[in-house]
Amino acid sequence: MTTPDVDVLIIGAGISGIGAACQLTTRRPGTSFAILEAREEIGGTWSLFRYPGIRSDSDMPTFGYGFRPWTDPAVVAHGPVIADYLRRAATEHGVDEHIRLGHRVLGADFTSATGHWTVTVERSDTGEQRHLTSRFLFVGTGYYDYAAGHTPEFPGVEDFAGRVVHPQHWPEDLDHTGKQVVVIGSGATAVTLIPAMAHRTAHVTMLQRSPSYVLSVPARDRLAAALTPLLGPERTSRLVRRKNIALHRGLFRACRRFPRLLRRLLIANVRRQLPRHFDVDTHFTPNYQPWDQRLCIVPDGDLFAALSTGRASVVTDRIARFTPRGILLASGRELAADIVVTATGLRMSAFGAIELRVDGEVVHLPDTTVFRSMMLSGVPNLAFALGYTNISWTLKVDLVAEHFCRLLDHMEARDLDVVRPVLDDPDMERTALLDLTAGYVQRGVGAFPRAGTRGPWTAAMAYERDVERLRHGPVDDDALTFTTTRQVVRA
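Conventions used here
- All residue numbers here refer to positions counted from 1 along the written sequence of the relevant chain.
- Only residues with pLDDT of at least 70 are given local features in this predicted model, and only at 80 or more are side-chain atom pairs given and counted; all residues enter the totals for whole chains, interfaces and linings.
- Think of the side-chain values as coming from all heavy atoms in the structure, minus any hydrogens and water.
- Secondary structure elements are taken from DSSP: a helix is a run of H or I of four residues or more, a strand is a run of E of two residues or more, and numbering for both begins at the N terminus.
- This radius of gyration counts C-alpha atoms alone. The globule rule is 2.2 Å times how many residues there are, raised to the power 0.38.
- Think of it in three bands: with a 1.4 Å probe and only protein chains considered, a residue is buried below 20% of the maximum accessible area for its type, exposed above 50%, and partly exposed in between.
- Here, residues are in contact when the closest pair of their heavy atoms is within 4.5 Å.
- The Shrake-Rupley method, run with a 1.4 Å probe, gives the accessible areas here. Residue values count only the displayed protein chains as cover.
- Only four residue types enter the charge count: Lys and Arg as positive, Asp and Glu as negative, with His and the chain ends excluded.
- For this purpose, a charge sits on NZ of Lys, CZ of Arg, CG of Asp or CD of Glu.
- The arc in question is formed by the directions pointing from the helix axis toward the C-beta atoms.
- A cavity, in this analysis, means grid points on a 1 Å lattice covering only the protein atoms where a 1.4 Å probe fits yet has no way out; a pocket is instead an open set bounded by protein on both sides within 12 Å along at least five of seven lines, and a residue lines either one if it has an atom within 4 Å of a point.
- Grid points are joined across faces, edges and corners, and a volume is the space filled by probe spheres set on the points.
- We call Asp, Glu, Lys and Arg charged. Ala, Val, Leu, Ile, Met, Phe, Trp, Tyr, Cys and Pro are nonpolar, and the rest, Gly among them, are polar.
- Here a strand pair is declared whenever DSSP counts at least two bridges between the two strands.
- Every axis in this analysis is a line fitted to C-alpha atoms, fitted for helices over the stretch in contact. Angles between the N-to-C directions lie between 0 and 180 degrees.
- Reported orientations rely on four angle classes, namely roughly parallel under 35 degrees, roughly antiparallel over 145, roughly perpendicular from 65 to 115, and oblique for the rest.
- Left-handed describes a crossing in which the near helix is turned anticlockwise from the far one by less than a right angle; the clockwise case is right-handed.
- We call a set of buried Ala, Val, Leu, Ile, Met, Phe, Trp, Tyr and Cys residues a nonpolar core when their side-chain atoms join them within 4.5 Å.
- A helix is expected to span 1.5 Å for every residue after the first.
- Whenever a nitrogen or oxygen atom comes within 3.5 Å of another N or O atom, the pair is scored as a polar contact, on the condition that within protein one atom can donate a hydrogen and the other can accept it, and that pairs from neighbouring residues in sequence are kept only if both atoms are in side chains.
- For patch detection, residues must exceed 30% relative accessible area and be free of salt bridges, and they are connected within 9 Å for like charges or within 5 Å for nonpolar side chains (Val, Leu, Ile, Met, Phe, Trp, Tyr).
- Each reported salt bridge corresponds to a side-chain nitrogen of Lys or Arg within 4 Å of a carboxyl oxygen of Asp or Glu.
- Stacked, tilted and edge-to-face are the three classes applied to pairs of Phe, Tyr and Trp rings, where Trp contributes its six-membered ring and a pair requires centres within 6.5 Å; stacked means planes under 30 degrees apart, edge-to-face means over 60, and tilted covers the rest.

Student: Residue-level account of the overall build of the chain, with values.
Tutor: The number of helices and strands found in the chain is 13 helices and 26 strands. Expected size for 491 residues packed as a compact globule is a radius of gyration near 23 Å; at 24 Å, the chain falls within 12% of this value. When the backbone C-alpha atoms are referred to their principal axes, the chain occupies close to 75 × 55 × 45 Å. Considering the chain as a whole, with its 491 residues, one finds that 56% of them fall into the buried category. For the chain, the proportion of contacts with a sequence separation of at least 24, taken over those separated by at least 6, is 70%. As presented, the chain carries roughly 21,200 Å² of accessible surface, and 50% of it is formed by carbon and sulfur atoms. Computing the positive centroid from 56 side-chain charges and the negative centroid from 54, the chain places the two 7 Å apart.

Spelled out as structure tokens, the structure:
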């Protein structure tokens, strides 16, 4: 039997792939692995996006890895700081030596006879294609399409005399000093851009079709500041992490259980931070319940501060068409603009658009069902990490990587080669993997695997339930078939 190039091939050198690799080096130091990254730098989202003010939309004590505490008192962090955090984590764990940049994965084929994956990779510098083999695949590609964001068809955009840019591809030469800027959108990107640009523009307008829930949080954690001199940064960070998990999970559950009450409280929080005359009912009162979409986080209410100064404004209306001077709205009003930023959302990409095959048969992802939110029915020796939508992404990555290492331990102890989730319940109802109503989710979720509604096939965005089944629960399950290259066995 041929020996594979590595035990584990990790696809993606962002927060998921680096986190998985760091856990492998700590929990299974003898496991060989490589990380394949299509781009020329690591960091994923946090090195790709360069728009003004780019920052985390979750608190950093929970967005940072559990094995590398976030010790800075900042509650949210800017993109370059997060990218540096990831680079340091990779270096400290020796992971950087295993990263192959400019290696785009085109396809992966599993062969049952050998128990190996054969991965087809294209090098960006030469265009050369080569093959790598491994026992396991760990897919850490996230769910965004890094090639392009989502921009709707805007009538008349070709007539506009200014510049139109999407935040995902921010031009290095774009100078917004003294310019009239319109940011189209009301999500996390838009509420970040407005305060970041307001101090240099002549004026910046957030043009939204409908409002989002916006929650102001302290920019610095007072508990962390008080405890750090007494307990030290690492112990303090772990305490703050547990506190924040409890707070965010409590807020989410309260929104689901008492949506009308939380709706009133969230909107009242906005009203308190804006001038009395501000039309909160029009501009900050969404037409959906809290947590049907992600809450937009603004540190120290910086968005509201920018609006209060008059250097920024919000317009809630629909776009009729672009004009040479700006944007004509459905109401008949025209917004003058030198620059239009289309913060209109992202495009989703399931598993990095990699074609998976098992014994020559193409895996159609929507036909598969997730097992423990980290494996796919019928697909052997594959794990993936998709973070939470209602709390920090990285909390899920940590749990998946831990369980993946436990799975490898389990198989090694029993001399097993292949593990395959098998769904033997054809009548089980299946649901969308992501349950948010956000436009980018609704546009792209159909290309993703589905979730089940019973047993290990569920995929609830519930951290405490995943702690129970991924960290503390058994590795073996009736739905898992373990195989050697010679026979099928039950562990």
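Still more ground to cover, so stick around.
Student: So what's going on with helix H10 (residues 302-309)? Which residues, and what values?
Tutor: Because each turn of an α-helix spans 3.6 residues, side chains separated by three or four positions end up pointing in the same direction. Where H10 is concerned, the buried positions are Leu303, Phe304, Ala306 and Leu307. Buried residues of H10, viewed axially, fall in a sector of 160°; they line one side. The secondary structure elements touched by the buried residues of H10 are helix H5 (188-198), strand S10 (214-217), helix H8 (259-272), strand S11 (296-299) and strand S12 (312-316). Immediately downstream of H10, the backbone of glycine 310 shows phi near 90°, a positive value.

Student: Summarise the layout of surface pockets; cite the residues concerned and give the values.
Tutor: Taken as a whole, the second largest pocket encloses approximately 560 Å³ of empty space. Lining the second largest pocket are 25 residues, with Asp59, Val75, Val217, Pro218 and His248 positioned closest to its centre. At the level of secondary structure, the elements contributing two or more residues to the lining of the second largest pocket comprise S10 and helix H7 (233-257). In terms of residues, the lining of the second largest pocket owes the most to one element, H7, which gives 5 residues. Here the residues of the lining of the second largest pocket sort into 12 nonpolar, 5 polar and 8 charged.

Student: Provide a residue-level description of the sheet that holds strand S8 (residues 180-184), including the pertinent values.
Tutor: Spatially, the 5 strands line up as an open sheet ordered S7-S16-S8-S9-S12, and their pairing is parallel. Edge strands, defined here as strands with exactly one partner in the open sheet, are strand S7 (163-165) and S12. For this sheet the average axis-to-axis angle between neighbouring strands, irrespective of direction, equals 20°. Summarising the sheet, S8 and strand S9 (residues 203-208) pair through 5 bridges and their orientation is parallel. Bridge pairing links valine 181 to valine 204 in S9. Together, S8, S9, S12 and strand S16 (339-342) form the strand contacts of H5, whose direction differs from that of S9 by roughly 170°.

Student: An account of empty space enclosed by the protein is requested, with residue identities and associated values reported.
Tutor: With the rule as written, the count across this model stands at 3 cavities of 30 Å³ or more. The computed volume of the largest cavity comes to approximately 80 Å³. Lining of the largest cavity is provided by Ser373, Phe384, Leu386, Lys396, Leu433, Leu434, Ala459, Ala460 and Met461. Of the residues belonging to the lining of the largest cavity, the class tally is 7 nonpolar, 1 polar and 1 charged.

Student: Before we move on, can you summarise the packing of helix H11 (residues 393-413) against helix H13 (residues 463-472) with the specific residues and values?
Tutor: With their axes 9 Å apart at the nearest point, H11 and H13 run at an angle of 15° to one another. Comparing the axis directions of H11 and H13 gives the class roughly parallel. For the pair H11 and H13, the sense of crossing is left-handed. Between H11, through Leu395, Lys396, Leu399, Val400, Glu402, His403 and Arg406, and H13, the contact on the second element is made entirely by Tyr463, Asp466, Val467, Arg469, Leu470, Arg471 and His472. For the contact of H11 with H13, the per-class residue count stands at 6 nonpolar, 2 polar and 6 charged.

Student: Outline unusual backbone geometry, listing residues and values.
Tutor: Phi is positive for aspartate 359, which is not a glycine, with a value near 50°. The residue asparagine 381 is not glycine, and still its phi comes out positive at about 50°. Tracing the chain through its elements places asparagine 381 in the loop between strand S20 (375-376) and strand S21 (382-384). Take asparagine 381: its relative accessible area is 0%, and that puts it in the buried class.

Student: Hey, could you go over the nonpolar core for me, with residue numbers and the actual values?
Tutor: Of all hydrophobic cores here, the largest spans 146 residues; its most connected members are Phe284, Leu356 and Leu382. Once residues lying within four places of it in the same chain are set aside, the contact partners of phenylalanine 284 are Pro211, Ser212, Val214, Ile267, Val270, Leu274, Phe278, Leu303, Phe304, Leu307 and Val314.

Student: Would you mind going over the side chain of glutamate 37 in detail, with residue names and values included?
Tutor: Tracing the sequence through the fold places glutamate 37 in strand S2 (residues 33-37). For glutamate 37, the residues in contact, after removing those within four places along its chain, are Gly12, Ala13, Gly14, Arg100, Leu101, Gly102 and His103.

Student: Residue-level account of H7, with values.
Tutor: Its 25 residues give H7 an end-to-end C-alpha distance of 35 Å, which sits within 8% of 36 Å, the value for a rise of 1.5 Å per residue. Along H7, the residues that are buried comprise Thr236, Ser237, Val240, Arg241, Asn244, Ile245, Arg249, Phe252 and Cys255.

Student: Let's hear about the side chain of threonine 205: which residues, and what values?
Tutor: With respect to the helices and strands, threonine 205 occurs in strand S9. Owing to a relative accessible area of 7%, threonine 205 belongs among the buried residues under this scheme. Among the polar contacts listed, one links the side chain of threonine 205 to the side chain of serine 313, at a separation of 3.3 Å. Apart from residues lying up to four places away in sequence, threonine 205 is in contact with Val181, Val182, Val183, Ile194, Ser313, Val315 and Leu335.

Student: Can you explain the environment of isoleucine 354? Please cite residues and give values.
Tutor: On the secondary structure map, isoleucine 354 appears in the loop between S16 and strand S17 (355-358). Taking the relative accessible area as the measure of exposure, isoleucine 354 reaches 9% and is therefore buried. Each C-alpha atom of the pair isoleucine 354 and valine 119 lies 9.9 Å from the other, and the pair is 235 residues apart in sequence. Those residues in contact with isoleucine 354, other than ones at most four positions away along the chain, are Ile11, Val105, Leu106, Gly107 and Ala108.

Student: Could you give an account of a nonpolar patch on the surface, with specific residues and numbers?
Tutor: There is a patch of nonpolar side chains on the surface, built from Phe258, Leu261 and Leu265 and spanning about 270 Å² of accessible area. For leucine 265, the position within the fold is in helix H8. On the accessibility criterion, leucine 265 (47% relative accessible area) is partly exposed.

Student: Hey, could you go over the packing of aromatic side chains for me, with residue numbers and the actual values?
Tutor: In the structure shown here, the tally under the stated rule is 19 aromatic pairs. Ring geometry for phenylalanine 371 and tryptophan 457: centres 5.4 Å apart, planes at 70°, overall edge-to-face. Residue phenylalanine 371 is located in strand S19 (residues 370-371), and its partner tryptophan 457 is located in the loop between strand S24 (450-451) and H13; the two are separated by 86 residues in the primary sequence. Taking relative accessible area as the criterion, phenylalanine 371 reaches 1% and is therefore assigned buried. Here tryptophan 457 falls in the buried class, since its relative accessible area comes to 6%. In this structure an aromatic cluster arises from ring pairing among Tyr65, Phe67, Trp70 and Tyr85.

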